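Summary of the model geometry
For reference, the chains in residue letters:
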Amino acid sequence: MIAYLESLARLPGVEFVMLISHDGVPIAHAGGTEESAREESLAALAASWLNDVTQAVAPLGWHAPERVCLRAARGTLVMRRSESACLVVRLGREAAPEDVRLSMDGTLARIERARHGRTHAPLAPGAPSAALVTAQESEPAGPIPYRNDAPLVEEQLRPAPGRPPGT
Amino acid sequence: MNFLNRFLSLGRIRRSKRALVADPTPRNYLALAQQYSLAGRSDAAQRACVEGLAAFPANIQLSRYHQRTRRSERETRLAELHRELAEAPRAPLWRELCEILIESDELVRAEEELARWLARDKDSEAYYLLARVHLARFFADRGRDQGRAAWAALEQAIAHLPHDLRPLRAKLDFLTRIGAWKDARDCAARCLAVEPGTLELEGRYRTLSARAEDAPSFERALHEVERSGKLPGEDGGAGARASTGSVQALLRELAGQPDVQAALYVRGSTALVQGPKGATAERTARSVQTILSGSRSAARRLGLGQVFQIQLEGSFGTLSIAPGEQDAGALLCSGPLGRSREEALLGMAGLNAATGGEGVPS
């Protein structure tokens, strides 16, 4: 994932690139040594701003914005939102948000594809089905082992013909 | 530039001058300034721009070219200073370099140069210039952290220059501007101790003493500035320059374009809205104001400084907001904003038009 961000961070004018979750947790970052020291606060502030903007437009019946830009005296913050994460790019004063539009879209699409690809990866013959593996992987093991019993006999009974279920 | 080029440029400059005499238009002023620049005479190019701007003050091309020539002259001087510093580093050169960088708002570069200067020979002047960098950053961003950094840098500068009034005065101005009157009064007393009998300082001391009664502490004052984004005395109602009519005409013109859904002008707690009507207009204005205040605060916290533009894109279209010091213009389009509309929007910000009673309260 960092490789995707690094290609974006190499563009002229790009100071810092970060992938964050919707609630402001940094996932990965590339570029900028100064910002990387305070990546957590940057992620939290950026996510908080995006959530504020989303809440502000909600009374108008609008969905969350897909792309937001904040151009200011000391640089520009561009955020591109996807269903699972948010790509944050900080630009220098000389760069315009339009310069990174295509690259950001491409990077986020690649990240989404990689994420999606991992979820639905083809399995070796004889392995359990993809849906089962996904369900097993997505649920972490509980702290206390438990037994998944078969349903009770009554629950397996079918209603008698002509009677509605549950009577 | 070789002799032949210089000789040829003289002819071109003469022709440009004749064209300007025959037809004094902004275009001819610009052509003359460009010829001067090509001949390497940036001072003459600047004079031509200044003369042109005096005759055509609203001309954007001339004003941009004037800025460009100033910037290039500044860059030339900076390059010279860097060269001289590499050969024989000395305090007056560092000072000039850092002052140029601070005045042109290149605070990061100024800070880097100051760090280099301090690492070399802990000059007291460098501490004062460092305090100026932190102050400039605070006044641009108005964040609490920048305010604390400015305070610390000022204290350090005062410690290194105990008999110099400049850092003390800078601290006095800083405390007065953020509204920490009590601390400002104490600072005025320190200034008077350094320079007793100064009438202006005595007057300031008396004024500050009168206001120190219920004054907020330094931290509280900083918190208030960060929250509101305004320094005490920066009243939203003061300085209305354009009339309501001129803004409304601009809004009507923008809203009349085919894919524009709404055009807004926000100032203080009221807004002028073209496009949506009734409750929708009210809701739109309120949303724009919420985004505006949230974004200003976010930019301060992120260390980005003063906000120039906020743009939201989504299934609703494009909402672009251009904030001025006290007002803002906003445009909601179903498609992309486009260059001409962006320029119109940026022109709307900073008009400081009066909206009293005629807009949508929000």
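The following paragraphs examine the structure supplied in this document.

Thresholds applied
Residues numbered from 1 in each chain as written. Chains lettered and ligands numbered in written order. Predicted model: local features only at pLDDT ≥ 70, side-chain atom pairs only at ≥ 80, totals over all residues. Heavy atoms only, no water. Buried < 20%, exposed > 50% of the residue type's maximum accessible area, 1.4 Å probe, protein only. Helix = DSSP H or I, 4+ residues; strand = E, 2+ residues; numbered from the N terminus. Pairing = 2+ DSSP bridges. Contact = heavy atoms within 4.5 Å. Buried area = accessible area lost by both parts, 1.4 Å probe. Salt bridge = Lys/Arg side-chain N within 4 Å of Asp/Glu carboxyl O. Polar contact = N/O pair within 3.5 Å; in protein donor to acceptor, adjacent residues only side chain to side chain. Nonpolar A, V, L, I, M, F, W, Y, C, P; charged D, E, K, R; others polar. Axes fitted to C-alpha atoms, helices over the stretch in contact; angles between N-to-C directions. Parallel < 35°, antiparallel > 145°, perpendicular 65-115°, else oblique. Left-handed = near helix turned anticlockwise from the far one by under 90°. 1 Å grid on protein atoms, 1.4 Å probe; cavity = no way out; pocket = protein on both sides within 12 Å on 5 of 7 lines; lining within 4 Å. Points joined across faces, edges and corners; volume = space filled by probe spheres on them. Domains from an automatic or database assignment.

1. Remarks on the pairing of strand β1 (residues 14–20) of chain A
Residues and elements named next belong to chain A. Of all seven residues making up β1, six are buried, and the element is well covered by its neighbours. With six bridges joining them, β1 and strand β5 (residues 86–91) adopt antiparallel strand pairing. Bridge assignment links Phe-16 to a residue of β5, and that residue is Arg-90. Where β1 lies against strand β2 (residues 26–30), four bridges are found, and the strand directions are antiparallel. Among the inter-strand pairings, Val-17 is bridged to a residue of β2, identified as Ala-30. Counting the residues between successive antiparallel strands, the hairpin from β1 to β2 contains five residues, one of them, Gly-24, with a positive phi of roughly 90°.

2. What to know about the interface of chain B and chain A
Taken together, the contact pairs 35 residues of chain B with 27 residues of chain A. Interface of chain B and chain A: buried area, both sides summed, is about 2700 Å²; carbon and sulfur atoms make up 61% of it. Sorting the residues of chain B by area buried against chain A places Leu-302, Leu-304 and Glu-313 of chain B first, and these three jointly supply 27% of that buried surface. Here chain B and chain A share three salt bridges between them. As a salt-bridge pair, Glu-313 of chain B and Arg-101 of chain A come within 2.9 Å of each other at their nearest N and O atoms. Inspection of the region where chain B meets chain A yields eleven residue pairs in polar contact (both at pLDDT 80 or more). Of all the elements in the fold, those that place two or more residues in the side of chain B that touches chain A are α7 (124–141), α14 (278–302) and β3 (307–314) of chain B. Take the side of chain B that touches chain A: its biggest share by element is eleven residues, from α14 of chain B. Taken together, the residues that form the side of chain B that touches chain A break down as 15 nonpolar, twelve polar and eight charged.

3. Here's the deal with the side chain of Asn-28 of chain B
Residue and element names in this part refer to chain B. With respect to the helices and strands, Asn-28 occurs in helix α2 (residues 26–38). The class for Asn-28 is buried, based on a relative accessible area of 15%. If we ignore the near neighbours within four places in the chain, the residues touching Asn-28 are Ala-19, Leu-20 and Asp-23.

4. Quick word on the packing of helix α8 (residues 144–160) of chain B against helix α9 (residues 165–178) of chain B
All names here are of chain B. Between α8 and α9, whose axes approach to 9 Å, the crossing angle comes to 155°. One way to sum up the angle between α8 and α9 is to call them roughly antiparallel. The two elements α8 and α9 meet at a crossing, and its hand is left-handed. In this structure, α8 contributes Gly-147, Ala-150, Trp-151, Leu-154, Glu-155, Ala-157 and Ile-158 to the contact, and α9 contributes Pro-167, Leu-168, Ala-170, Lys-171, Phe-174 and Leu-175. Tallied by class, the residues present in the contact of α8 with α9 amount to ten nonpolar, one polar and two charged.

5. A few points about the layout of surface pockets
Residues and elements named next belong to chain B. Roughly 770 Å³ of volume is contained in the second largest pocket. Together, 28 residues line the second largest pocket, and Ser-228, Gly-229, Lys-230, Arg-296 and Glu-325 are the ones closest to its centre. Of all the secondary structure elements, the ones that give two or more residues to the lining of the second largest pocket are α7, α12 (218–228), α14 and β5 (327–333). Here the lining of the second largest pocket gets seven residues from one element, more than from any other, and that element is α14. No fewer than three residues from each of domain 2 (122–228) and domain 3 (237–361) sit in the lining of the second largest pocket.

6. Notes on the packing of α8 of chain B against α12 of chain B
Residue and element names in this part refer to chain B. At a minimum axis separation of 9 Å, α8 and α12 run at an interaxial angle of 140°. With respect to α12, the element α8 is oriented oblique. You can see that α8 and α12 cross each other, and the crossing is right-handed. Together, Arg-144, Gly-147, Arg-148 and Trp-151 of α8 and Phe-218, Glu-219, Leu-222, His-223 and Glu-226 of α12 make up the contact between the two elements.

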